[in-house]
Amino acid sequence: MHPPRLLLDTGSGGKASHRLIKDFFLKHFANEILNRLDDAAILKISGPIAMSTDSYTVTPLFFPGGDIGTLAINGTVNDVAMLGARPLFLSCAFILEEGLEMEVLERIVRSMAQAAAKAQVRIVTGDTKVVPKGAVDQVFINTTGIGEILAQPCPQGHRARPGDAVLVSGTMGDHGLTILATREGLSFEAPIASDCAGLGHLIAKLLKAVPEIHVLRDPTRGGLATTLNEIAGQSGVQCLVREETVPINPVVAAGCSFLGLDPLYLANEGKLVCILPEEHTDQALRIMREDEYGQNAARIGTISNDHPGRVVLQTPLGGHRLLDMLEGAQLPRIC
Amino acid sequence: MNSINPLTGFKDPVLCRNLLDKIHAELGAPLSFMEVCGTHTVAIFQSGLRSLLPRDLTQVSGPGCPVCVTHEGEVAAFLELAKKDNVVIATFGDLMRVPGPRGRNLNIAQAEGARVEVVYSAFDALILAQKHPDSKVVFLGVGFETTAPTVAATIKAAAAQGIENLLLFSMHKLVPPALAALLTDPEVNVDSLILPGHVSTIIGLEPYRFIADQYGVPAVITGFEPLDILQALLLIMTQIKGKQPRVVNQYSRVVAEQGNPRAREIMSEVFEPSDALWRGLGRIPQSGLALQGEYARFDALRLLDVRVEELPPLPGCHCGEVLKGKVRPNECPLFGKACVPANPVGPCMVSTEGSCAAYYKYSL
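If you're wondering where the values come from, they're calculated on a predicted model, not measured in any experiment.

Glancing now at the overall build of chain A. Of regular secondary structure, chain A possesses eight helices and 13 strands. At 21 Å, chain A has a C-alpha radius of gyration in line with the 20 Å of a compact globule built from 335 residues. Each principal axis of the C-alpha atoms in chain A carries an extent, and together these give about 65 × 55 × 30 Å. Looking at chain A as a whole, 46% of its 335 residues qualify as buried. Put simply, 86% of the contacts in chain A that link residues at least 6 apart link residues at least 24 apart.

Listed below in C-alpha cells is the structure:
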C-alpha cells in the first residue's frame, strides 16, 4: 500500500497525498469537523478566545517521556491554557522530509492523537508538505490552538503584584536535561524523563477554585529563570526566588552539577508558574498536588517592588544575587 | 567519621553560616584577596557569598579565565588562520565571540565564509581532521595547565596515528609565571591569593612556593564549593594574623601535593615553555607553551605562515586593568553600556567565567 519510506510525490496533492491523509491523519485524528476535509474548519465558539501557535523541531524525535508529537500537542495546548482558557481546537501542519520512514510518521501521529484525546482537544484542520531530502530534519510540526477564556480578567504576564506568591507545579529542568542526555548518549544513576504533559485540566481546576490568579506561564525554553524575568519585566516588579524551595529531581540536580548546567535555565514541557495573591497559596498548592501533573508543586518566591524588572535569587546560604535571563546557549566549561 | 555528600555537603548552609560568622568576627583590618580562577569568580557570585562577606574583605578577580587572557594579537592571528584556503578552525564555543581588531570575531568570519567548527575537546578536533583528510584542521588551544595535557595527548595521538592534517595554534598559558608578573607589578596591590583548584591538580604545590617565600603573600589552593572558599579565607586570615605567609592546600580531597606527574610528563614531551602575550599583562617570559621537537610540525602558525603581533588593546576597553585587579568591572566606562554579554567589547564580558560577565550576570 504505502512504501516504507515517504516519497516526494506524496506531497503533490494528488492521489498519493489523499492516501496519506486518509491512512495516517484521518485514521488517528478523526472527528466530525476534520472528517469533512473542507478547505477550512467550521467551529462553534462563544465569548473571548485565546489563540497561540508554535512550531516544533526536536532532535531526537523520540525521547524518554515523549516525542515531537506529544510536544506539538501539549506545547500549544499549554500556551492556550496559560491565558486561563480551555483549549478546544488545534490546527496541525507537517513539513516532512523525503525518505522519512512511514513507521516513524505513524508513531508520531499516534502519540499526537493520544495527547489530543487526553487534553480533550480536536485537530480540526491540517496541512502536509513533503520537501526534498536535507531540506528539513525529518519532521517539523506546526500547531495552532484556540480555546475559550474561562476567567475574566484572565491571567496575563503584566498582572503580577507586590505581595503575590510565586508557585511552580513541579520539578524544574527534567525535559531539558532529558533531551540533552538522549542527544549526547549520557546516562545518570537513575533514569530521567521529559515532563511533557498537557496542563489544560489542571488549569481549569485551578481557575475554578481561585479565579484571582494573576499570572500563569509555562517555563519552556530558557527555563524558570527566563520565564520569571519575562514576568518581572512585563509587570514591572521584582520576583524573589528562594533557591532551596525550587523543586528539582535529585537525579537532574546531580546531572546538571556534573555537566556544569543550571536547571533553572533548562526547558520544562509540563509545568507551570502560577502567581497569585498570597492568601490563595495553600488552596492553589492543594489543587495542584491532587493533580497527576502537580504532585511536587511548591511555593518558590514572592513578588515585591524592590528591584522592578529583576529576578533576585536568595541562595541557600542566605545571600542574594541576580537571576538573569540566559544570554545564549548554556555551554560546558573549558576547564 | 561521617562521609560527606559531594553534591550538598560542601554547601551546607549551617556550616557555611558558622564560617561566615567566624570571618565577620575575626576580620580586623581590611583585607583583599584575588581569586585567580574564573570558576572561583563564578562560584563566589553564584552561591551568593559575595553578598555575605564583610565589606572590608575585598574580592579582586584575577587573570584566570583562559578566554579573557587571550591576547588581541592572538585573536587577530586566529582570524587570519580562518581566512586561509582549505582551513577548518576547531574551537571551544567561548572563543567564537571574542573580539579582535575592529570588533571582528569568529562568528563574523564564519558568516563571511570561514569554516569554523565548535568542539568540546581537543580529541573532537582530531576526529574532525580524520573526517576531512583534505583540509587542515586548526585547533585553537586555549587554557592553562588544566587543559594543556589533554591537548598534548591529542597531538601525541595524531603523531602516533599519522594524522598530519591536525594543526595546533597553542595559546596555552601557565599560571605561576603570571602570578609572578602580577606580584612584581607595583600597581597591583592584593594581600592574598585564592589559588586555582583545577590547575593545581596538575602542577601541585611546589610551583607556588615563591608566592609566600619571595613576596610574603599568603596563598591557598582552594576548591569551588562555598565551604571551600570560606575555609580558604579563614586560612588566609590566620596566616595574616600570625604573619606567617605560606602556600596551603585547602583542596586536599582533590589536589595532591605532587600534582599529576603523568599529565606533566605528557605536557613537557609535547610542549616547551615559551614567552607569551597575555591580554592586559603583556609579554610574560616563559609563561606560554610552544610545540617542541618532533611535534613542532603540528604548529599552525609556522605551517600557515601567520605571526602573532603585539597589537594595542581595544579602544576604551579596561579588561587589562580588570585582569590585574586595578579596576572593578563596573568601574569600566563601557560596562553594561557599550559592553554587554550579547555584544561584548572586551573578552572579560565574553566568557561565562569572565569577571565582567559575572558582575553583569549576578550583581544586583
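A few words on the overall build of chain B. A tally of regular secondary structure across chain B gives 14 helices and 11 strands. Seen through its C-alpha atoms, chain B measures out along the principal axes to roughly 65 × 45 × 40 Å. Here chain B holds 364 residues, and 51% of them are scored as buried.

This part is about the pairing of strand 2 (residues 57-61) of chain B. Residues and elements named next belong to chain B. In this sheet, strand 2 lies alongside strand 1 (residues 31-35) in parallel orientation, the contact comprising five bridges. Counted as the bridge partner of E35 is S61 from strand 2. For the handedness criterion, the β-α-β arrangement of strand 1, helix 2 (residues 38-46) and strand 2 is classed as right-handed.

Across soluble globular proteins, nonpolar side chains show a tendency to be buried alongside one another. Membership of the largest hydrophobic core comes to 116 residues, with the highest contact counts inside it found for I89 and V138 of chain B. No other element matches helix 10 (residues 226-242) of chain B, which puts eight residues into this core. Here this core spans two domains, and each of domain 1 (28-312) and domain 2 (319-359) of chain B adds at least three residues to it. Beyond its immediate stretch of four places on either side in the chain, I89 of chain B contacts F78, L81, A82, L106, A114, R115, V116, V138 and L140 of chain B. Counting residues in each nonpolar core, the second largest holds 90 residues, with V124, V168, M172 and A297 of chain A among its members.

Before going further, it helps to examine the sheet that holds strand 1 (residues 49-56) of chain A. Residues and elements named next belong to chain A. Spatially, the four strands line up as an open sheet ordered 1-6-4-5, and their pairing is mixed. Each end of this open sheet is capped by a strand with a single partner; those strands are strand 1 and strand 5 (122-131). Across this sheet, the average inter-strand angle for adjacent strands is 15°, counted without regard to direction. Judged from the eight bridges that link them, strand 1 and strand 6 (residues 139-149) form a sheet pairing that is antiparallel. For A50, the partnering residue across the bridge sits in strand 6 and is G147. Where helix 2 (residues 68-81) meets the sheet, its contacts fall on strand 1, strand 4 (85-97) and strand 6, and the angle it forms with strand 6 comes to roughly 30°.

Further remarks concern the packing of helix 1 (residues 13-26) of chain B against helix 10 of chain B. All names here are of chain B. Close contact between helix 1 and helix 10 brings their axes to 10 Å; oriented N to C, the two are set at 25°. By the angle class used here, helix 1 and helix 10 are roughly parallel. The way helix 1 lies across helix 10 gives a crossing that is left-handed. Here L15, C16, L19, L20, K22, I23 and E26 of helix 1 lie close against helix 10, whose contacting residues are P226, L227, L230, Q231, L233, L234 and M237. Looking at the contact of helix 1 with helix 10 residue by residue, the classes come out as 11 nonpolar, one polar and two charged.

Residue and element names in this part refer to chain B. If you trace the five strands from one edge of the open sheet to the other, you get 2-1-7-8-9, paired in parallel fashion. The two strands at the open ends of the sheet, each matched to only one other strand, are strand 2 and strand 9 (247-249). Neighbour-to-neighbour, the strand axes of the sheet open up by a mean angle of 25°, direction not taken into account. Of the strand pairs in this sheet, strand 1 and strand 7 (residues 192-196) are connected by three bridges, and their pairing is parallel. In the sheet register, F33 faces strand 7, and the bridge partner there is S192. Where helix 10 meets the sheet, it contacts strand 1, strand 2, strand 7, strand 8 (219-222) and strand 9, and its direction lies at approximately 165° from that of strand 8.

Our next topic: the interface of chain B and chain A. Of the residues lining the interface, 31 residues belong to chain B; the matching set on chain A comes to 20 residues. Going through the elements one at a time, helix 1 and helix 14 (355-362) of chain B are the ones with two or more residues in the side of chain B that touches chain A.

All names here are of chain A. Domain assignment breaks chain A into domain 1 (8-149) and domain 2 (157-322). For domain 1 and domain 2, the distance between their C-alpha centres works out to 28 Å. Elements with a contribution of two residues or more to the side of domain 1 that touches domain 2: helix 2, strand 4 and helix 3 (102-119). Looking at the side of domain 1 that touches domain 2 element by element, the count peaks at nine residues for helix 2. Per-class residue counts for the side of domain 1 that touches domain 2 are 12 nonpolar, eight polar and three charged.

A few words on the packing of helix 5 (residues 122-131) of chain B against helix 6 (residues 148-160) of chain B. Residue and element names in this part refer to chain B. Interhelical geometry of helix 5 versus helix 6 gives an angle of 25° and a closest axis separation of 8 Å. Overall, the two elements helix 5 and helix 6 adopt an arrangement that is roughly parallel. Once helix 5 is placed against helix 6, the crossing between them reads as right-handed. Packed against helix 5, whose contacting residues are A122, F123, A125 and L126, the element helix 6 presents T150, V151, T154, A157 and A158 at the interface. Considering only residue class, the contact of helix 5 with helix 6 consists of seven nonpolar, two polar and no charged.

Below, the discussion takes up helix 6 (residues 223-235) of chain A. Residue and element names in this part refer to chain A. The terminal C-alpha atoms of helix 6 lie 19 Å apart, and with 13 residues this matches the ideal 18 Å at 1.5 Å per residue to within 8%. Summarising burial for helix 6: 10 of the 13 residues are buried, a large majority. Within helix 6, burial applies to G223, L224, A225, T226, T227, L228, N229, I231, A232 and S235. Those residues of helix 6 hidden inside the fold are in contact with strand 7 (165-168), helix 4 (174-184), strand 8 (215-217), strand 9 (238-242), strand 10 (273-276) and strand 12 (311-314). One or two steps after helix 6, the chain reaches G236, where phi turns positive at roughly 65°.

Turning our attention to the pairing of strand 8 of chain B. Residue and element names in this part refer to chain B. With burial as the criterion, each face of strand 8 is covered, one bearing A219 and I221 and the other bearing V220 and T222. Here strand 8 runs beside strand 9; their pairing, made up of three bridges, is parallel. Residue pairing for strand 9: V220 is matched across the bridge by V248. Following the chain from strand 8 across helix 10 to the adjacent parallel strand 9, one finds a crossover that is left-handed.

In this section: unusual backbone geometry. All names here are of chain A. Residue P60 is bonded to the preceding T59 through a cis peptide linkage, with omega at -5°. In this structure, the amide linkage connecting Q152 to the following residue, P153, adopts the cis form with an omega of -5°. By secondary structure assignment, the location of P153 is in the loop between strand 6 and strand 7. Positive phi values are uncommon outside glycine, yet L37 reaches one of about 55°.

About the criteria used
Residues numbered from 1 in each chain as written. Chains lettered and ligands numbered in written order. Predicted model: local features only at pLDDT ≥ 70, side-chain atom pairs only at ≥ 80, totals over all residues. Helix = DSSP H or I, 4+ residues; strand = E, 2+ residues; numbered from the N terminus. Rg over C-alpha atoms; globule rule 2.2 N^0.38 Å. Buried ≥ 20, exposed ≤ 12 C-beta atoms within 10 Å, placed from the backbone. Contact = placed C-beta atoms within 7 Å. Pairing = 2+ DSSP bridges. Right-handed = clockwise from strand over helix to strand, strands pointing away. Core = buried A, V, L, I, M, F, W, Y, C linked by C-beta atoms within 7 Å. Domains from an automatic or database assignment. Axes fitted to C-alpha atoms, helices over the stretch in contact; angles between N-to-C directions. Parallel < 35°, antiparallel > 145°, perpendicular 65-115°, else oblique. Left-handed = near helix turned anticlockwise from the far one by under 90°. Nonpolar A, V, L, I, M, F, W, Y, C, P; charged D, E, K, R; others polar. Expected span 1.5 Å × (residues − 1).

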